[in-house]
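# Chain and residue survey
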Amino acid sequence: MTQNPDQKPENTTLELLDCLTDNSNSNNFYRQIKFSPDELCFSATKNGPNKCLEIRNFYDNTISNFEKTPCITINHGWTIYDHCFYPQFNSNNPDTCVVLTTSAGNGSKVRLFDAYSDGHLKQSYNIHCQYDEPTPTYSVEFSTCGRFVYTGRKNAVTYFDV
């Protein structure tokens, strides 16, 4: 089916924004939205007083048909700088359903959370600078094979086995 170039595409952004907008607090906003590799759910990091990661499921193959309330909420307490899904994430295999985060604050660590049942902490990783002191990271990503984690910090990229 070809689309008329003068016709605007269907816009599902408004529905998504309406769901993710919290008008009770002007400082409560979403920083990032990422889709899972199996495209059956998506995550959003929330800023403001409720610094958390929320995961919502899709009901079917359309982006506009998703759960309006999060199925999993992972409270952080500090601003979440970055997060990513495990690259082999498959909702039919709970062992692969994990999400990696990095955040600000005291004891800034890279954390691995369950993204299938309740969002519990599975593992945390301390990142150290060249002087063997804990240092915050600002970005995080799995390697495409899922065996390594890469973290970005001031003037350096760190990687390690999962």
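Residues numbered from 1 in each chain as written. Predicted model: local features only at pLDDT ≥ 70, side-chain atom pairs only at ≥ 80, totals over all residues. Heavy atoms only, no water.

## A short note on the overall build of the protein
The criterion, for reference: A helix here means a DSSP run of H or I that spans at least four residues, while a strand means a run of E at least two residues long, and both kinds are numbered starting from the N terminus. Three exposure classes are used, based on accessible area relative to the maximum for each residue type with a 1.4 Å probe and protein chains only: buried under 20%, partly exposed in between, and exposed over 50%. Residue contacts follow a heavy-atom distance rule, with two residues in contact if any of their heavy atoms lie within 4.5 Å. In short, Shrake-Rupley with a 1.4 Å probe defines the accessible areas, and a residue's cover is counted only from the protein chains shown.
A count of helical and extended segments in the protein gives 1 helix and 11 strands. In the protein, buried positions account for 40% of the 162 residues. The long-range share in the protein, meaning contacts at least 24 apart out of those at least 6 apart in sequence, stands at 39%. Per element, the accessible surface of the protein, about 9,800 Å² overall, is 47% carbon and sulfur.

## So, the nonpolar core
To keep it simple, the criterion reads: Residues grouped as a nonpolar core are buried Ala, Val, Leu, Ile, Met, Phe, Trp, Tyr and Cys residues, joined through side-chain atoms within 4.5 Å.
Counting 12 residues, the largest nonpolar core is built from Cys41, Leu53, Ile55, Ile72, Ile74, Ile80, Phe85, Phe89, Cys97, Val99, Phe113 and Ala115. For this core, the elements supplying multiple residues, two or more each, are β3 (52-57), β4 (72-75) and β5 (80-85). With residues near it in sequence (within four places) discarded, Leu53 still touches Ser43, Ala44, Thr45, Ile72, Thr73, Ile74, Ile80, His83, Val99 and Thr101. In terms of nonpolar packing, the next biggest core, distinct from the first, is built from 11 residues, Cys84, Val110, Tyr125 and Val140 among them.

## Considering the side chain of Thr101
Rules: Definition of a polar contact: a pair of N or O atoms within 3.5 Å, with one able to donate and the other able to accept a hydrogen when the atoms are protein atoms, and with sequence-neighbouring residues admitted only if both atoms are side-chain atoms.
Structurally, Thr101 can be placed in strand β6 (residues 98-103). Of the polar contacts made by the side chain of Thr101, one reaches the side chain of His76; its length is 2.9 Å. With near-sequence residues (within four places) excluded, Thr101 lies in contact with Leu53, His76, Ile80, Asp82, His83, Lys109, Val110, Arg111, Phe113 and Val140.

## Concerning the pattern of salt bridges
Quick note on the threshold: Here, a salt bridge means any side-chain nitrogen of Lys or Arg that lies within 4 Å of a carboxyl oxygen of Asp or Glu.
Counted under the stated rule, the structure contains 3 salt bridges. When the shortest N-O distance is used, the salt bridge between Lys46 and Glu54 registers 3.6 Å. Glu54 shares its class with Lys46; the two are buried. Between Arg56 and Glu54 there is a salt bridge; the shortest N-O distance is 3.1 Å. The burial state of Arg56 is the same as that of Glu54; both residues are buried. The network of salt bridges with common partners includes Lys46, Glu54 and Arg56.

## Some thoughts on the side chain of Asp114
Put simply, the test is: Just so you know, the count uses Lys and Arg for positive and Asp and Glu for negative, and it drops His and the chain ends.
With respect to the helices, strands and loops of the structure, Asp114 is situated in strand β7 (residues 110-114). Buried within the structure, Asp114 lacks any salt-bridge partner; its nearest side chain of opposite charge belongs to Lys122, at an N-O separation of 5.1 Å. Only 3.0 Å separates the side chain of Asp114 from the backbone nitrogen of Asp118, close enough to count as a polar contact.

## Remarks on the sheet that holds β5
What counts is decided by this rule: Only strands that DSSP links by at least two bridges are regarded as paired with each other. Every axis in this analysis is a line fitted to C-alpha atoms, fitted for helices over the stretch in contact. Angles between the N-to-C directions lie between 0 and 180 degrees.
In spatial order, the strands read β5-β6-β7-β8; together these 4 strands make up an open sheet with antiparallel pairing. Each end of this open sheet is capped by a strand with a single partner; those strands are β5 and β8 (121-125). On average, each strand axis in the sheet is inclined to that of its neighbour by 20°, with strand direction left out of account. Across 5 bridges, β5 lies against β6 in antiparallel orientation. What sits directly across from Cys84, in β6, is Leu100.

## Quick word on the packing of aromatic side chains
What counts is decided by this rule: By convention, a stacked pair of Phe, Tyr or Trp rings (six-membered ring in the case of Trp) has centres within 6.5 Å and planes under 30 degrees apart, an edge-to-face pair has planes over 60 apart, and any other such pair is tilted.
Evaluated as defined, the whole model comprises 9 aromatic pairs. With a centroid separation of 5.9 Å and 10° between ring planes, the pair formed by Phe35 and Phe58 is classed as stacked. Of this pair, Phe35 sits in strand β1 (residues 30-35) while Phe58 sits in the loop between β3 and β4, placing them 23 residues apart in sequence. By relative accessible area, which is 43% here, Phe35 ends up partly exposed. Note on Phe58: relative accessible area 12%, which makes it buried. Counting every residue linked through ring pairs, the aromatic cluster contains Phe35, Phe42 and Phe58.

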